[in-house]
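Here is what each chain is made of, one letter per residue.
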Amino acid sequence: MQRKGGRRRDPDGQDAEAVEQVLDELYATPPSAFVPRREERAAAARTAGRKEDARRIHAARRPTFAAWAANLLTHSRPEETRRFLELGQALREAHRTLDAAGLKDLSAQRRHIVAVLSQQAAQLAAEAGQRLSPAALREVESTLRAVLADPDAADRWAGGRLETSLTPPSAFPSGPAAPEPARTGPRASARPKSPRAASGTRAKDELAERRRERREERERAEQEAERAERHLRDARAEQTDAQESLRRADDELGRVRETVAAAEERLRAAHEDLERAERERREAEARERTAADAVTGAEREARASARRVDRPAGRDR
């Protein structure tokens, strides 16, 4: 199913493919961010004066996690998507012509291919930050089986805008291919429905919607529980790291305190040595002054004695 053909413009000169690109972007957005992104894009379209585009964007419904993961395959793996669609067409034709033994081999190959593509979808979801629950993964497998068995399902999946997962028929179609009724849209009917049939369809749609909402709530709860468990593990790991850091800091503080205490003891001893040296210097200065005074006095006494000796000698001459 080819939606993305050449680019064309509307009569006002605006890009008519813009809304298609926005819708493609939305259905490749994780469901948790779908609604905010949708409102942002719708508001941008309204601001640009594209009211019809804004209405279409605002009408987009958030996909389930399984439908989103299936959409990721078509958006991120276009070559695998093309081959898978061609395989589905070949398988449907083969189911009309093969014998029982051939069908058995074909069924085994089909299961293998669906399992491989489902794991690719789970990997793409994980790369986008969302882990698929086992229930969601089973819904992806159900969608891929439907794509192989049902051409309508193949067209819907190829569009990349699934809102819910698809359910395969109970068995592959067999016998001659019946002509498909003309459709003006993906959900148009072959003939008008009676009021009773329409009422029954509405009831089924409402029931499907309630089931979809319950599945979404369950998936959100599982996602929240997983996030809470991750946060708890991260918090415990952070607490362990903090406790280890605190222990190392306490050890380092103890070593630093010991070093400071030893330094203070050495400083105290150095101050005592300094005071003792200054005291000894003052005492030495005092002794030196006393000795100098004694020398000065002795010199005066010696000179006086010398003069006394010289005077009698002069009188004798």
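Conventions we followed
Residues numbered from 1 in each chain as written. Predicted model: local features only at pLDDT ≥ 70, side-chain atom pairs only at ≥ 80, totals over all residues. Heavy atoms only, no water. Helix = DSSP H or I, 4+ residues; strand = E, 2+ residues; numbered from the N terminus. Buried < 20%, exposed > 50% of the residue type's maximum accessible area, 1.4 Å probe, protein only. Contact = heavy atoms within 4.5 Å. Patch = residues over 30% accessible without salt bridge, like charges linked within 9 Å, V, L, I, M, F, W, Y side chains within 5 Å. Areas by Shrake-Rupley, 256 points an atom, 1.4 Å probe, with all protein chains shown as cover. Salt bridge = Lys/Arg side-chain N within 4 Å of Asp/Glu carboxyl O. Lys, Arg positive; Asp, Glu negative; His and termini not counted. Charge placed at Lys NZ, Arg CZ, Asp CG, Glu CD. Phe/Tyr/Trp six-rings, centres within 6.5 Å; stacked < 30°, edge-to-face > 60°.

Participant: Explain the overall build of the protein residue by residue, including any values.
Facilitator: Scanning the protein from N- to C-terminus turns up nine helices and zero strands. Taken from the N to the C terminus, the helices and strands of the protein come in the order α-α-α-α-α-α-α-α-α. Relative to its 317 residues, the protein shows a buried fraction of 27%. Sequence separation of 24 or more characterises 69% of the internal contacts of the protein that already satisfy a separation of 6 or more.

Participant: Residues and numbers for a positive patch on the surface, please.
Facilitator: Where like charges cluster on the molecular surface, the positive patch consists of Arg138, Arg210, Arg211, Arg214 and Arg218. In terms of residues, the positive patch owes the most to one element, helix α9 (residues 195-316), which gives four residues. The class for Arg218 is partly exposed, based on a relative accessible area of 40%.

Participant: Could you give an account of the packing of aromatic side chains, with specific residues and numbers?
Facilitator: Here the structure, examined in full by the defined rule, presents three aromatic pairs. Where Phe65 meets Trp68, the ring centres are 6.5 Å apart and the plane angle is 80 degrees; that geometry is what we call edge-to-face. Here Phe65 pairs with Trp68, and both are found in helix α4 (residues 65-76), just three residues apart, close to one helical turn. Like Trp68, Phe65 is buried. Centroid distance Phe84 to Trp157: 5.6 Å. Interplanar angle 75 degrees. Geometry classified as edge-to-face. Of the two residues, Phe84 sits in helix α5 (residues 78-95) while Trp157 sits in helix α8 (residues 151-158), which places them 73 residues apart along the sequence. For the pair Phe84 and Trp157, one class covers both residues: buried.

Participant: Tell me about the pattern of salt bridges, and name the residues and values.
Facilitator: All chains considered together, the criterion is met by 19 salt bridges. Ionic pairing is found between Glu86 and Arg82, a salt bridge with its closest N-O pair at 2.7 Å. One end of the pair is Glu86 and the other is Arg82, both in helix α5 and four residues apart, which spans about a single turn. In this structure, the salt-bridge partner of Arg268 is Glu272, at a minimum N-O distance of 2.5 Å. Of this pair, Arg268 and Glu272 both sit in helix α9, four residues apart, which is roughly one turn of the helix. Owing to a relative accessible area of 38%, Glu272 belongs among the partly exposed residues under this scheme.

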